[in-house]
Amino acid sequence: MSLLKKLASQTAVYGLSSILGRLLNYLLVPLYTRVFDTAEYGVVTQLYAYVTFFNVLFTYGLETAFFRFSQTSGDNKKVYSTGLLSLLLTSVLGAVTIILASGWLSGELSEGTRTEDYPLYISCFAAVLAFDAIATLPFARLRLQNRATRFVTIRLISILLNVGLNCFFLLYCPYAIRQDPNSFCAALYDPSFGVGYVFVINVVTSGITLLLLLPELLPVRWGFDTALWKNMLRYGFPLMIAGFAGMINETIDRILLPELVRDPSTSMVQLGIYGACYKLSILMTLFVQTFRYAAEPFFFTQAGKEDAPKLYATVMHYFVLAGALIFLGVQLYMDWIQEFIGPDFRSGLVVVPILLIANLCLGVYLNLSFWYKITGHTRWGAWFSVFGAVITVVLNVLLIPFFGYLGAAWATLVCYASMMAVSYYYGQRYYPVPYDLAAFAYLIGSALLIFFLSEWLRGFSGSTWQTTLINSGLLLTWIGVAAAYEHRKKLPLSRLWSR
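Residues numbered from 1 in each chain as written. Predicted model: local features only at pLDDT ≥ 70, side-chain atom pairs only at ≥ 80, totals over all residues. Heavy atoms only, no water.

Peer 1: How do you make sense of the overall build of the protein chain when you look at a structure like this?
Peer 2: Within the protein chain, the secondary structure is distributed over 21 helices and zero strands. Put simply, the protein chain has 499 residues, and 51% of those count as buried. In the protein chain, once contacts between residues fewer than 6 apart in sequence are set aside, the share between residues at least 24 apart is 82%. (Helix = DSSP H or I, 4+ residues; strand = E, 2+ residues; numbered from the N terminus. Buried < 20%, exposed > 50% of the residue type's maximum accessible area, 1.4 Å probe, protein only. Contact = heavy atoms within 4.5 Å.)

Here it is, written out as structure tokens:
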């Protein structure tokens, strides 16, 4: 239980940086959309759409390979040095290649937009990719060493610096120059540079983050083990393929939606509604992300122990329990949570419960996926992700023309649920874990029952406050039922009560 409490505390610590980072970055969207016109903001959207794919390419699975080989090679320092030298070389080469090709790329990417600053934007984009890729292993080492506080501190400094510089250049400098044309800001700010500040600020932020990681870089006992490096590449390459396929699973619906709706005049309206409502499932997404940050090194450090499978089953139980609670917490208080988006977007709220369950299935899949990482069968991760990508593309093509964004949401759920099912099936063959499927079904099934009961009772409540009171009672009822089930079955939660 002490190990599980440690995992929970680290999940909370890592979650602080992730949640705060997401929230602060969301605050930049209203700023950008008021400072830049639609074409300029389109440049930001376009270039950062490529970041997720290029991040996968620049790191090529070495982060997880570092966790794996740090536990099996017997020489943590050699693994770290070999991986870091590899990332340093490939990141510099990759960034230089993109910078040299920036003129050609700007012509390919900026059709129909102002092109004179595109090479600079692309060069900034390349520098950010390189800095972030090099920082991957120092951050991973902090996680492996359980130094969550330092990890989060550096992340938060980076986030706050990014937001602060954006506010300074895009809000304060124009204001100061309007008040006093001779202000010191006149030497720092050029209104014609416009959206370029977004990319330059990102370069500065990523560079300073790397500087903050120097204590993890400078004391390294540099050395390169070619045989180890080849093994790390063989281990990580399938994860890179899985990462690419994962990006398809995560973003392809918003790419295909405007292309596949039957009425083209409503395509962007549907995309806007779907995108806004997708953000309401962020609590589940953040929970899954922060859990992964803490769980990945935790699972690897426990891999060689005799009771590891039982421990993994217990962790999964807590994960499902917390996920079901988050699902209910969001849905039962949707009358308040929906205020996050404008009234014109709320016609799409029907997709939120579907996306919440979809992301819970994704979290379970990620929890299950440690079997092929621990056993070294990472090719299975690539196959599962490609399998999910095929399902995603096919179902979006089939469903969106008939159901619009609702079809996109169902495609997401079917994709993640299918990946979860096949990973469980093959995982039990290669690395059996005694998961309590009956308990999982009970927790999720009872949560869905409470949700449907809430929707039925909504017709009898006369105000938002009455609905809130009713749903609060339903939430407490579910908590009581879940606790009683845990106690009766002597499941993990009941052990906490006895301490």
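Let's pick the thread back up.
Peer 1: Explain the nonpolar core here, please?
Peer 2: One broad trend across soluble globular proteins is that nonpolar side chains are buried collectively. Membership of the largest hydrophobic core comes to 105 residues, with the highest contact counts inside it found for Phe66, Tyr274, Phe327, Leu328, Val352 and Trp478. If you tally residues by element for this core, the top one is helix H13 (residues 308-332), at 14 residues. With residues up to four places along the chain from it excluded, the contact list for Trp478 reads Leu321, Ala324, Leu325, Leu328, Leu443, Ser446, Ala447 and Ile450. Counting residues in each nonpolar core, the second largest holds 20 residues, with Ile98, Ala126, Ala127 and Val198 among its members. (Core = buried A, V, L, I, M, F, W, Y, C linked by side-chain atoms within 4.5 Å.)

Peer 1: Sorry if this is basic, but what is going on with unusual backbone geometry here?
Peer 2: If a residue is not glycine, its phi is most likely negative; likewise, a peptide bond is most likely trans. Positive phi values are uncommon outside glycine, yet Tyr60 reaches one of about 35°. Along the chain, Tyr60 falls in the loop between helix H2 (38-59) and helix H3 (62-72). Given a relative accessible area of 11%, Tyr60 falls into the buried group.

Peer 1: Whenever I open this one, the packing of aromatic side chains confuses me. Can you help?
Peer 2: Aromatic ring pairs: the centre-centre distance and the angle between the two ring planes describe each pair. A complete count under the given rule lists 24 aromatic pairs for this structure. Between Tyr365 and Phe384, the aromatic rings sit 6.5 Å apart at their centres with planes inclined by 80°, giving edge-to-face as the arrangement. Of this pair, Tyr365 sits in helix H15 (residues 351-368) while Phe384 sits in helix H17 (residues 379-403), and the two are 19 residues apart along the sequence. We classify Tyr365 as buried; its relative accessible area is 4%. Here Phe384 falls in the buried class, since its relative accessible area comes to 4%. Ring centres of Phe384 and Tyr426 lie 6.2 Å apart, and the angle between their planes is 35°; this geometry places the pair in the tilted category. One end of the pair, Phe384, is in helix H17; the other, Tyr426, is in helix H18 (residues 405-430), with 42 residues separating them in the sequence. The class for Tyr426 is partly exposed, based on a relative accessible area of 24%. Each residue in the set Phe168, Phe169, Tyr172, Tyr189, Phe193 and Tyr197 is aromatic and connected to the rest through ring pairs, giving one cluster. The cationic tip of Arg141 hangs over the ring face of Tyr80; the distance from NZ or CZ to the ring centre is 4.2 Å. (Phe/Tyr/Trp six-rings, centres within 6.5 Å; stacked < 30°, edge-to-face > 60°. Lys NZ or Arg CZ within 6 Å of the ring centre and 35° of its normal.)

Peer 1: Mind showing me how you'd approach the environment of Ser158 here?
Peer 2: Position of Ser158 relative to the elements: it lies in helix H7 (residues 148-179). Accessibility expressed as a relative area gives 17% for Ser158, which makes it buried. Residues Ser158 and Thr205, 47 residues apart in the sequence, show an inter-C-alpha distance of 5.9 Å. For Ser158, the residues in contact, after removing those within four places along its chain, are Thr205 and Thr209.

Peer 1: When you look at the packing of helix H6 (residues 118-144) against helix H8 (residues 196-212) in this model, what are you seeing that I'm missing?
Peer 2: Any two packed helices are characterised by the angle at which their axes cross and by the distance between the axes. In contact at an axis separation of 9 Å, H6 and H8 are set at 25° when each is read in the N-to-C sense. On the basis of the axis angle, H6 is roughly parallel to H8. The hand of the H6/H8 crossing is left-handed. Contact residues: H6 offers Tyr121, Cys124, Ala127, Val128, Phe131, Asp132, Ile134, Ala135 and Phe139, while H8 offers Gly196, Phe199, Val200, Asn202, Val203, Ser206, Gly207, Thr209 and Leu210. Looking at the contact of H6 with H8, its residues break down into 12 nonpolar, five polar and one charged. (Axes fitted to C-alpha atoms, helices over the stretch in contact; angles between N-to-C directions. Parallel < 35°, antiparallel > 145°, perpendicular 65-115°, else oblique. Left-handed = near helix turned anticlockwise from the far one by under 90°. Nonpolar A, V, L, I, M, F, W, Y, C, P; charged D, E, K, R; others polar.)

Peer 1: Looking at this structure, how should I read the pattern of salt bridges?
Peer 2: It is possible for side chains bearing opposite charge to pair when their charged atoms get close. As enumerated under the stated definition, the model contains three salt bridges in all. Put simply, Arg147 and Glu216 hold a salt bridge, and the shortest N to O gap is 3.4 Å. In this pair, Arg147 sits in the loop between H6 and H7 while Glu216 sits in helix H9 (residues 214-217), placing the two residues 69 residues apart along the sequence. For Glu216, a relative accessible area of 3% corresponds to the buried category. One salt bridge connects Arg150 with Glu216, and the closest N-O pair in it is separated by 2.9 Å. With Arg150 in helix H7 and Glu216 in helix H9, the pair connects residues that are 66 residues apart, well separated along the chain. (Salt bridge = Lys/Arg side-chain N within 4 Å of Asp/Glu carboxyl O.)

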